[in-house]
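Residue-level structure breakdown
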Amino acid sequence: MFKTPKSRTAFIKTLATFAFILLPWLFAFIYVKYLKDDTQEHEISVTYSKSDNIQHVDHSKFEILKQKFESPQDVTEACLSCHNKTAEDIMNSSHWNWEKKDIMDGKEVVIGKKNLPNNFCIGIRSNEKLCSKCHAGYGWKDEHFNFSKSKNIDCLICHDNTGKYKKSSPGKPMQGSGLPEPDIDLSAIASHVGETTKENCGSCHFSGGGGNNVKHGDLESALTDKKISIRENAFATNEGIESQTQTGPVDVHMSVDGKNMNCTECHKTSHHNISGNMYTVSSSNENPVTCEQCHGASPHSQKILNTHYNTIACQTCHIPVYAKVNPTTVLWDWSTAGNQKKGSHSEEEGEMINDTQKIFHAKHGNMTKVKNAKPDYIWFNGNAHLHMFDDKITSDTVVMNKLYGSYEDHINPTDPLHPSKIYPVKIMRGKQPYDTENKTLIQPNNVGPKGSGAFWADFDKQKSFKIGMDSIGLPYSGKYDYINTESYWPLNHMVSSSENALSCKECHSRDGRLASLQGFYIPGRDRSNIVEYLGIILIIGSILGVLIHALIRFYSSKKK
């Protein structure tokens, strides 16, 4: 084909130039498209982790605890005879007062379960007999409870090591008001107290809202179950929901087949004040619990993963799904409560279909529960605005806890120590009563005996609403309707192992997990027509340039 060695040499040089320009692009495309494994396990380092050095005591040796106790308050007085400074610490804690001083929108406020609405059972006031089942005290049945009386402290709820201690619910033969079940052997339990376990914490925090995993979605009894190690989990992909069997713990930290850690290993405690915030009852990032306190700011062996730390919360990648074992409530429609389809206590519990279950109960109305749920994602900087009962309703949807954060606050943070990052959340949606005249949410009285006006006993909404609003000192016009509500629950538990964390493509794709977060650029998700066209023009121009150059060299060599 070529007449002289010189022309052949020129062609080979041109071909080599062409290959030098295009082959790296080709290899990169093949690697990213077909060879790269996004799901490979990445080593994670722990830079700091320790438990408090606690001197353990055998309480069964103490004579004062061997007596027959006539009341749970007698147990408390026996405890305080040795732990004589502890009552003061407890009575200054939010676990006792169910409220605390916090900062909201730059102002000091006193907030907590005691005075905040939620979109589950709505609020505790006038319902203390039942709600105090999760209070660290005895006898809280109404607004007259004495928070300064130390013998009302319940030591056993947090320190029972037998697993047999239980609080009662109101109604015969139970006592309610935070008191234990009447057949509890107080002497046996008092003699076997010790360091707090996750079972102690879980007796309340797993079952908030009326049942296991109802509220949080990432805190439930499966975290203490010794039998759960292999599960069928659903993971979201770009093609939809893909089911896969994975071996491993429900939570790498808390699960028995994980690190089997106790809550207090992360939630450090000082003078019975426990670190950590739940942003349905907290409004600032004071006294937080963070992944960094053990793992540091650069826990990965790969630099590219560590650079994500500046923008992405650890939980975003490491909690790909929540409610892994038992379902969590994501919708509670109070407008249908009282519809007595089969009598006042009728209940219809549908089958779990595609990890979604529909439930009706005359006491509660319609509810929706989900399993293996994919989180929603928000920008969050650790501060929040919480809706109060006396706040006026000004929109079609009441956000119970607005979590502050934005991309702009990430780039130029108001607080440089706490810039906004992308966090995973469970969004709880409700439909609950409000006063159409006064434009305020309604506190219903749900708990009480028949004839008392309590909704769950008499199903009389007007009486229930009046009693409840009187209990919080707000007027009730007698006119009500229902309004949509939302609350945001940051996810911090059910942490997956590194091999089951999110892969790159789950966010860096057109319809990936972060598709709803707009206003900033994510490679692989976002496209600019100008950049796209310029890139295409440059590539085509490069190819044409190489070809034209080759042709010119080829023909010029022939002429010589």
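In case you missed it, the structure is sitting above this.
Scope of this entry: the structure provided in the associated data block. (Residues numbered from 1 in each chain as written. Predicted model: local features only at pLDDT ≥ 70, side-chain atom pairs only at ≥ 80, totals over all residues. Heavy atoms only, no water.)

A word on the environment of glycine 473
In this fold, glycine 473 is placed in the loop between helix H14 (461-471) and strand S17 (480-490). For the pair formed by glycine 473 and aspartate 390, sequence separation is 83 residues and the distance between their alpha carbons is 9.6 Å. (Helix = DSSP H or I, 4+ residues; strand = E, 2+ residues; numbered from the N terminus.)

So, the pairing of strand S7 (residues 328-333)
Burial analysis of S7 places five of its six residues in the buried class, the great majority of the element. Relative to strand S10 (residues 365-370), S7 runs antiparallel, the two sharing five bridges. Across the sheet, residue leucine 331 finds its bridge partner in S10, namely threonine 368. In this structure, S7 lies alongside strand S15 (residues 421-435), joined through three bridges in parallel fashion. Within the sheet, the bridge partner assigned to aspartate 333 lies in S15 and is lysine 431. (Buried < 20%, exposed > 50% of the residue type's maximum accessible area, 1.4 Å probe, protein only. Pairing = 2+ DSSP bridges.)

Brief notes about the state of the cysteines
Across all of its chains, the model carries zero disulfides by this definition. The structure places no disulfide on cysteine 121, whose sulfur is separated from the nearest cysteine sulfur, that of cysteine 131, by 6.6 Å. The closest cysteine sulfur to the non-disulfide-bonded cysteine 314 is located on cysteine 291, 4.1 Å from its own sulfur. Note on cysteine 314: relative accessible area 26%, which makes it partly exposed. (Disulfide = S-S within 2.5 Å.)

Remarks on the environment of threonine 9
Tracing the backbone through its elements, the reader meets threonine 9 in helix H1 (residues 5-35). Threonine 9 gets classed as partly exposed once you look at its relative accessible area, which sits at 40%. Along the sequence, threonine 9 and serine 557 sit 548 residues apart, while their C-alpha atoms lie 9.9 Å from each other.

Overview of the nonpolar core
If you look at the biggest cluster of nonpolar residues, it comprises 29 residues, and the most contacted ones within it are Trp334 and Leu441. Counting residues per element, the ones that place at least two in this core are strand S9 (356-361), S15, helix H13 (455-458), H14 and S17. The dominant element in this core, judged by the number of residues it contributes, is S17, at three residues. (Core = buried A, V, L, I, M, F, W, Y, C linked by side-chain atoms within 4.5 Å.)

Quick word on helix H8 (residues 198-205)
Taken together, the buried positions of H8 are Lys198, Asn200, Gly202 and Cys204. Looking at the buried residues of H8, the elements they touch are helix H6 (156-159). (Contact = heavy atoms within 4.5 Å.)

A short note on empty space enclosed by the protein
Sizing a probe to match a water molecule and rolling it over the atoms shows the empty space that remains. Per the counting criterion, the structure on display carries two cavities of 30 Å³ or more. Considered as a void within the structure, the largest cavity measures approximately 70 Å³ in volume. In this structure, the largest cavity is lined by Leu116, Pro117, Asn118, Asn119, Thr280, Leu386, His387, Met400, Asn401, Ser487 and Trp489. Per-class residue counts for the lining of the largest cavity are five nonpolar, six polar and no charged. Around the second largest cavity, the lining residues are Trp334, Ala337, Pro433, Pro444, Asn446, Phe455, Lys461, Ser464, Phe465 and Tyr482. Counting residues per element, the lining of the second largest cavity draws most heavily on H14, which supplies three residues. The residue makeup of the lining of the second largest cavity, split by class, is seven nonpolar, two polar and one charged. (1 Å grid on protein atoms, 1.4 Å probe; cavity = no way out; pocket = protein on both sides within 12 Å on 5 of 7 lines; lining within 4 Å. Points joined across faces, edges and corners; volume = space filled by probe spheres on them. Nonpolar A, V, L, I, M, F, W, Y, C, P; charged D, E, K, R; others polar.)

Details of the packing of aromatic side chains
Taken as a whole and assessed by the stated rule, the structure comprises 19 aromatic pairs. When the centroid spacing of 6.5 Å and the interplanar angle of 10° are considered together, the rings of tryptophan 334 and tryptophan 456 count as stacked. One end of the pair, tryptophan 334, is in the loop between S7 and strand S8 (347-349); the other, tryptophan 456, is in helix H13, with 122 residues separating them in the sequence. As far as the burial class goes, tryptophan 334 and tryptophan 456 line up, both buried. Ring-pair connections join several aromatic residues into one group, and the members of that group are Trp96, Trp98, Trp140, Phe145 and Phe147. Sitting over the face of the ring of tryptophan 98, lysine 113 holds its NZ or CZ atom 5.2 Å from the ring centroid. Above the ring of phenylalanine 147, the side-chain terminus of lysine 114 is found at 4.0 Å from the ring centroid. (Phe/Tyr/Trp six-rings, centres within 6.5 Å; stacked < 30°, edge-to-face > 60°. Lys NZ or Arg CZ within 6 Å of the ring centre and 35° of its normal.)

Here we look at a nonpolar patch on the surface
Together, Ile530, Tyr533, Leu534, Ile536, Ile537, Ile540, Leu544, Leu547, Ile548 and Ile552 line one region of the surface with nonpolar side chains, adding up to about 1000 Å² of accessible area. Locating isoleucine 530 in the fold gives a position in helix H15 (residues 529-559). (Patch = residues over 30% accessible without salt bridge, like charges linked within 9 Å, V, L, I, M, F, W, Y side chains within 5 Å. Areas by Shrake-Rupley, 256 points an atom, 1.4 Å probe, with all protein chains shown as cover. Salt bridge = Lys/Arg side-chain N within 4 Å of Asp/Glu carboxyl O.)

Concerning unusual backbone geometry
Residue histidine 271 is not a glycine yet carries a positive backbone phi of 55°. Its relative accessible area of 56% is what places histidine 271 among the exposed residues. With a phi close to 65°, aspartate 355 is a non-glycine residue in the positive phi region. Overall, aspartate 355 belongs to the partly exposed group, its relative accessible area being 22%.

Coordinates in, geometry out; function isn't part of it.
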